[in-house]
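# Report on the structure
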Amino acid sequence: MSLYGLIKDNDEPNYTRKYKYKYIKDEPLDGKDCIFVKEEIFILEDGNYISINEYEPEKKLRAFWIEKSTGFVLGFAPIEPNQTTATPEVIVLRNISWGNVTDSDVEVNLPSDYRILNY
């Protein structure tokens, strides 16, 4: 499930799990300006949400590097509940650049019998 999907589902009533994301610090990843956040998981029990770490204190959580300018998740790693640093286990996006795409940037292999119709 994507990070966006988890955050969106937090708005659903009676959802059995809630996810919160705690800002840890500004931290670059792969040359990109990012924030480093930690996921906290809460389980619905008797009408209240209880931290999963109360049940499983050794359970690792997930940490994410989110690029400030785009909001893209660039990487993630497992992290201990009391930990504030991590080494990325997976870097999701690399070498992204923004700009205009021209027709010459795209190679098109059309079938020989392809016709352009003008209406």
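Report on the accompanying structure. (Residues numbered from 1 in each chain as written. Predicted model: local features only at pLDDT ≥ 70, side-chain atom pairs only at ≥ 80, totals over all residues. Heavy atoms only, no water.)

## Here we look at the packing of aromatic side chains
The full count for this structure, using the stated rule, is three aromatic pairs. Taking the centre distance of 6.2 Å and the plane angle of 65 degrees together, the rings of tyrosine 21 and phenylalanine 64 count as edge-to-face. With tyrosine 21 in strand S1 (residues 17–26) and phenylalanine 64 in strand S4 (residues 61–67), this pair connects stretches of sequence that are 43 residues apart. Looking at tyrosine 21, the relative accessible area reads 23%, which means it is partly exposed. On the basis of an interplanar angle of 50 degrees and a centroid distance of 6.3 Å, the ring pair of phenylalanine 64 and phenylalanine 76 is categorised as tilted. Taken together, the residues span a long stretch of sequence, with phenylalanine 64 in strand S4 and phenylalanine 76 in strand S5 (residues 73–79) at a distance of 12 residues. A residue is classified by how much of its surface remains accessible, and phenylalanine 76, at 28% relative accessible area, is partly exposed. One aromatic cluster in this structure is built from Tyr21, Phe64 and Phe76. Here the guanidinium or amino end of lysine 20 rests over the ring plane of phenylalanine 42, the centre of that ring lying 5.4 Å away. (Phe/Tyr/Trp six-rings, centres within 6.5 Å; stacked < 30°, edge-to-face > 60°. Helix = DSSP H or I, 4+ residues; strand = E, 2+ residues; numbered from the N terminus. Buried < 20%, exposed > 50% of the residue type's maximum accessible area, 1.4 Å probe, protein only. Lys NZ or Arg CZ within 6 Å of the ring centre and 35° of its normal.)

## Quick word on the pattern of salt bridges
Throughout the structure, instances matching the rule amount to five salt bridges. Here glutamate 27 makes a salt bridge to lysine 25, at a shortest N to O gap of 3.2 Å. Exposure remark for glutamate 27: the relative accessible area of 17% places this residue in the buried category. With relative accessibility at 26%, the residue lysine 25 sits in the partly exposed group. (Salt bridge = Lys/Arg side-chain N within 4 Å of Asp/Glu carboxyl O.)

## Overview of the side chain of glutamate 39
Here glutamate 39 shows up in strand S2 (residues 34–45). The class for glutamate 39 is buried, based on a relative accessible area of 2%. There is a polar contact of 3.0 Å between the side chain of glutamate 39 and the side chain of tyrosine 21. (Polar contact = N/O pair within 3.5 Å; in protein donor to acceptor, adjacent residues only side chain to side chain.)

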